[in-house]
Amino acid sequence: MSIQFGPDYVRAIAPYQGGKPISEVAREFGLDEAKIIKLASNENPLGVPESARQAILKATADIGRYPDANGFDLKAALSAKYAVPQEWITLGNGSNDILELAAHAFVQPGHSAIYAEYAFVVYALATQAVGGRAIVVPARNFGHDLDAMLNAIDADTKLIFIANPNNPTGTFIPAAEIEAFLRKVPSHIVVVLDEAYNEFLAPPLQYESTAWIRQFPNLLVSRTFSKAYGLAGLRIGFGIAQPDITGLLNRIRQPFNVNSLAQAAAVAALNDDVFLRTSAKLNAEGYIQLTEAFEEMNLEYIPSFGNFVMVKVGADNDAGARVNLELLKRGIIVRPVANYGLPQWLRISIGLEQENAAFLAALKNMLA
Ligand SMILES: *Cc1c(COP(=O)(O)O)cnc(C)c1O
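Residues numbered from 1 in each chain as written. Predicted model: local features only at pLDDT ≥ 70, side-chain atom pairs only at ≥ 80, totals over all residues. Heavy atoms only, no water.

**Remarks on the domain arrangement of the protein chain**
Domain annotation of the protein chain identifies domain 1 (19-47 + 274-367) and domain 2 (60-270). In this assembly, 24 residues from domain 1 lie in contact with 23 residues from domain 2. Linking domain 1 with domain 2 are zero salt bridges, by the criterion used here. At the boundary of domain 1 with domain 2, the tally comes to five residue pairs in polar contact (both at pLDDT 80 or more). Those elements that place two or more of their residues in the side of domain 1 that touches domain 2 are helix H12 (273-296), strand S10 (308-312) and strand S13 (345-349). Examining the composition of the side of domain 1 that touches domain 2, we find that five residues originate from one element, H12, more than from any other. Counted by class, the side of domain 1 that touches domain 2 contains twelve nonpolar, ten polar and two charged residues. (Domains from an automatic or database assignment. Contact = heavy atoms within 4.5 Å. Salt bridge = Lys/Arg side-chain N within 4 Å of Asp/Glu carboxyl O. Polar contact = N/O pair within 3.5 Å; in protein donor to acceptor, adjacent residues only side chain to side chain. Helix = DSSP H or I, 4+ residues; strand = E, 2+ residues; numbered from the N terminus. Nonpolar A, V, L, I, M, F, W, Y, C, P; charged D, E, K, R; others polar.)

This is the structure we're talking about:
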């Protein structure tokens, strides 16, 4: 009998399945890397903002030294932008880091964490990694059922994860509903409001979650530079919460969890309104391009508020895997979501116009 290392709850974790890297697909399918189109990880199709690229180049001069462990410049920029004290900000190695820090800080074995069916898979991973008990609340129309989530709270509940908009389904909860929810959650339970796609929301849907942080000491809002800001490869995100929460996250994070290039790039990107607006506009146009084509093809899709859209590619439970494989052979990488319990669907990240068009052409061709 071989020795089993570690706790059962760690062995039970199903490893994260990301979008396949371009280089791997090129190797596997004998394709030219330059011709591969990746619409699989909700990255910004414009790539890194030029402002951030310049900041990175400049910052390389100092990478012989450790980064600023307190991220002074970036926290100052975030504090000014969101009108919160710097002491309320936690920087993370991606916002994934913030989600994990929250699980580590607030959940112990025997405690429960609540999240929705079809919600971002990292909530499950973070909960399991600390031996927490997951309470997965059935989705309503592929999104969060906040009333059911309130009803699911038990004596052991310490943490609730909400993704708004949600990934992979793209669903959105209006501000008034979130606020009503926050009023009803017992104040000893921490609510993580994950806003990774906030910057893509149309202006009428935008809301001030940072104002809620003043009102609700148990609220932790997380944001990222990976999506709209085009810095996914650098790994940088942040959390905003009152000092009682922030102080705990700060105690357990790695001292140098955010590298110096990421910090410099994020400051530049944060001030690059033109890039952000261009990205949001491109995304809105790409969404129309994709969804109009889905309608023409009579394919069901889930209305999305992020930079991606879920489309149903068949009625049988192999449909997602089958169509995904055919797309890969044609050099197009999208994201199967069978691991979310949605084997008939694929998640398509919104790309450049010509990338969306190439994907649609391949899809039409194979479904014909
Ligand atoms: C992409 C994503 C994140 C985290 O991305 P990072 O790159 O770690 O910042 C967090 N939440 C959701 C819902 C996401 O889709």
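**Structural notes on the pattern of salt bridges**
Applying the stated criterion across every chain yields a total of 16 salt bridges. Arginine 133 is the salt-bridge partner of aspartate 154, the closest N and O atoms lying 3.0 Å from each other. Of the two residues, aspartate 154 sits in the loop between helix H7 (146-151) and strand S5 (157-163) while arginine 133 sits in strand S4 (residues 133-137), which places them 21 residues apart along the sequence. Take aspartate 154: its relative accessible area is 25%, and that puts it in the partly exposed class. Judged by relative accessible area, which is 35%, arginine 133 ranks as partly exposed. With a shortest N-O distance of 3.6 Å, arginine 140 and aspartate 145 are connected by a salt bridge. When its relative accessible area of 44% is taken as the criterion, arginine 140 is described as partly exposed. (Buried < 20%, exposed > 50% of the residue type's maximum accessible area, 1.4 Å probe, protein only.)

**A closer look at the sheet that holds strand S2 (residues 89-92)**
The mixed open sheet is built from seven strands, whose spatial order is S2-S8-S7-S6-S5-S3-S4. Edge positions in the sheet fall to S2 and S4, since each has one partner strand and no second. Within this sheet the neighbouring strands show an average axis-to-axis angle of 20 degrees, counted without direction. Of the strand pairs in this sheet, S5 and strand S6 (residues 190-194) are connected by five bridges, and their pairing is parallel. For leucine 159, the partnering residue across the bridge sits in S6 and is valine 190. (Pairing = 2+ DSSP bridges. Axes fitted to C-alpha atoms, helices over the stretch in contact; angles between N-to-C directions.)

**Focus: the sheet that holds strand S12 (residues 335-336)**
Pairing is antiparallel in the open sheet, where four strands are placed in the order S9-S10-S13-S12. Each edge of the open sheet is held by one strand with a lone partner, namely strand S9 (301-302) and S12. Across five bridges, S10 lies against S13 in antiparallel orientation. Pairing of valine 311 across the sheet is with leucine 346, part of S13. Most of the contacts of helix H13 (residues 319-329) go to S13, to which it runs at about 40 degrees, and overall it touches S12 and S13.

**A few points about helix H4 (residues 72-82)**
Three or more residues of H4 are buried, namely Leu74, Lys75, Ala77, Leu78, Ser79 and Tyr82. Close packing links the buried residues of H4 with S2, helix H9 (209-215), strand S7 (219-224), strand S8 (237-240) and helix H11 (260-270).

**Overview of the site of the ligand**
Around the ligand lies a shell formed by Gly94, Ser95, Asn96, Phe120, Asn167, Asp194, Ala196, Tyr197, Thr224, Ser226, Lys227 and Arg235. One nitrogen or oxygen atom from the main chain of asparagine 96 is found 3.0 Å from an oxygen atom belonging to the ligand. Lysine 227 is positioned such that a nitrogen or oxygen atom in its side chain is 3.2 Å from an oxygen atom of the ligand. Here the ligand has 380 Å² of accessible area as a free molecule, and 94% of this is covered by the chains. Per-class residue counts for the shell around the ligand are three nonpolar, six polar and three charged. (Near = heavy atom within 4 Å. Areas by Shrake-Rupley, 256 points an atom, 1.4 Å probe, with all protein chains shown as cover.)

**Focus: the nonpolar core**
Grouped together as the largest cluster of nonpolar side chains are 92 residues, with contacts concentrated most on Leu159, Ile162 and Phe225. The dominant element in this core, judged by the number of residues it contributes, is H11, at seven residues. Each of domain 1 (19-47 + 274-367) and domain 2 (60-270) contributes no fewer than three residues to this core. Formed by 24 residues, the second largest nonpolar core is a distinct cluster that contains Leu39, Ala293, Ala319 and Ile348. (Core = buried A, V, L, I, M, F, W, Y, C linked by side-chain atoms within 4.5 Å.)

**Observations regarding the packing of helix H3 (residues 50-59) against H11**
At a minimum axis separation of 8 Å, H3 and H11 run at an interaxial angle of 145 degrees. For the pair H3 and H11, the crossing hand works out as right-handed. Contacts between H3 and H11 involve Ser51, Ala52, Ala55, Ile56 and Ala59 on the former and, on the latter, Ser260, Leu261, Ala264, Ala265, Ala268 and Ala269. Classifying every residue of the contact of H3 with H11 gives nine nonpolar, two polar and no charged. (Left-handed = near helix turned anticlockwise from the far one by under 90°.)

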